[in-house]
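Chain residues, written in single-letter form:
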Amino acid sequence: MRRIGVVLFAAVPVAVASAVYFLVPAESDGGTGGETTVVTAQEGSRQEAKSRAEQERSADDELIASLPPGLAAPAKKELAQQLVSTAESSTLDWRRTYGDIEDLDDGQGYTAGTIGFCTGTHDLLTLVENYTEAHPDNGLARYLPALRAVDGTDSHEGLDPGFPAAWKAEAETEAFRAAQDAERDRAYFDPAVRLAKLDGLGTLGQFVYYDAMVFHGPGIDEDGFYVLRERALRKAESPSRGGSEKAYLDAFLDVRRAAMRERRPGADTSRVDTAQRRFLEEGNLELRTPLAWQVYGETYRVP
């Protein structure tokens, strides 16, 4: 992942001009002077907002449960990892990338693992923290103080020279591979697929969201995934709002491509131009195989 930015949390603003208090008699055992409980209007609004959010999430869960699995189907999920891997690691064999680690000189510190967890973008730290909680004696645990210190920077302080070798060694274990998969799904795959389904997108659109979230990060900084989505929605309506799926995905890919070029002029945008855009132009909204695409000038095929 290239940048995590500021993580987006659902929030419901509560505007109260001034504090309003209510005196609510507390239940008593029959005494004449019952105690009173002070309840603020703000607290009542928070509880109401929480209840409303829970109801909306429940309704969303029911909607998603009624839809086809899309990218979450095992064969499509495997395809998604292959597609991402050609852009992140230049190989279809994504399972051989668990132990990959290098500094790409992009300001994110070490980039490692199957989707490019970064020492500078918090997600690698989260991965190692969660893994250490379940496996305290792992070979990466001793680097946690250094990982916390360099989080948000491109520094290697406290990580060199041993961290890359420790990462590669730990990636030989099934437990750490499973931990990478779990963090990938929790932070990137599951949220992307869920939101794409709520936006009315098919399997291709779900992949478009997933790849964008991996590359741009699940954040609300200037080129984080959620900001890109909002920009796209200003250009075209999503299918769930009555818009054309193709027109909306066209707008999203335009926005994403521009963000990639703004971040780094001259950046290679082939993962958009000659992969996702090609699938869209072919009308392959369900991401049916066989597929052929190019990334960084290399051609890849899935039968």
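Quick caveat, the model's predicted, so the values are computed rather than measured.

A. View of helix H2 (residues 74-88). Taking 1.5 Å of rise per residue, 15 residues should cover 21 Å, and H2 covers 21 Å from first to last C-alpha, within 8% of that figure. Residues of H2 that are buried include every one of Leu79, Ala80, Gln81, Gln82, Leu83, Val84, Ser85, Thr86, Ala87 and Glu88, and no others. Lining the buried residues of H2 we find helix H6 (174-198), helix H7 (203-216), helix H10 (270-281), strand E6 (291-295) and strand E7 (298-302).

B. Local environment of the pairing of E6. Most of E6 is tucked away: four of the five residues are buried. Pairing of E6 with E7, which is carried by five bridges, proceeds in the antiparallel orientation. Along E7, the bridge assignment pairs glutamine 294 with threonine 299. Hairpin remark: E6 followed by E7, antiparallel, with two residues in the connecting loop; positive phi at tyrosine 296, about 55°.

C. Structural context of the packing of aromatic side chains. Under the criterion given, the structure shown has 14 aromatic pairs. An angle of 80° between the planes, with centres 5.1 Å apart, marks the rings of phenylalanine 189 and tyrosine 210 as edge-to-face. Of the two residues, phenylalanine 189 is situated in helix H6 and tyrosine 210 in helix H7; the sequence distance between them amounts to 21 residues. The residues phenylalanine 189 and tyrosine 210 share a single accessibility class, namely buried. Connected via pairs of aromatic rings, a cluster forms that spans Tyr110, Tyr131, Tyr143, Phe163, Trp167 and Phe176.

D. Summary view of the pattern of salt bridges. Counting across every chain of the model gives 17 salt bridges. Ionic pairing is found between arginine 184 and aspartate 185, a salt bridge with its closest N-O pair at 2.9 Å. Like aspartate 185, arginine 184 is buried. Among the salt bridges present, the one from arginine 271 reaches aspartate 211, with a minimum N-O distance of 2.7 Å.

Calculation notes
- Residues numbered from 1 in each chain as written.
- Predicted model: local features only at pLDDT ≥ 70, side-chain atom pairs only at ≥ 80, totals over all residues.
- Heavy atoms only, no water.
- Helix = DSSP H or I, 4+ residues; strand = E, 2+ residues; numbered from the N terminus.
- Expected span 1.5 Å × (residues − 1).
- Buried < 20%, exposed > 50% of the residue type's maximum accessible area, 1.4 Å probe, protein only.
- Contact = heavy atoms within 4.5 Å.
- Pairing = 2+ DSSP bridges.
- Phe/Tyr/Trp six-rings, centres within 6.5 Å; stacked < 30°, edge-to-face > 60°.
- Salt bridge = Lys/Arg side-chain N within 4 Å of Asp/Glu carboxyl O.

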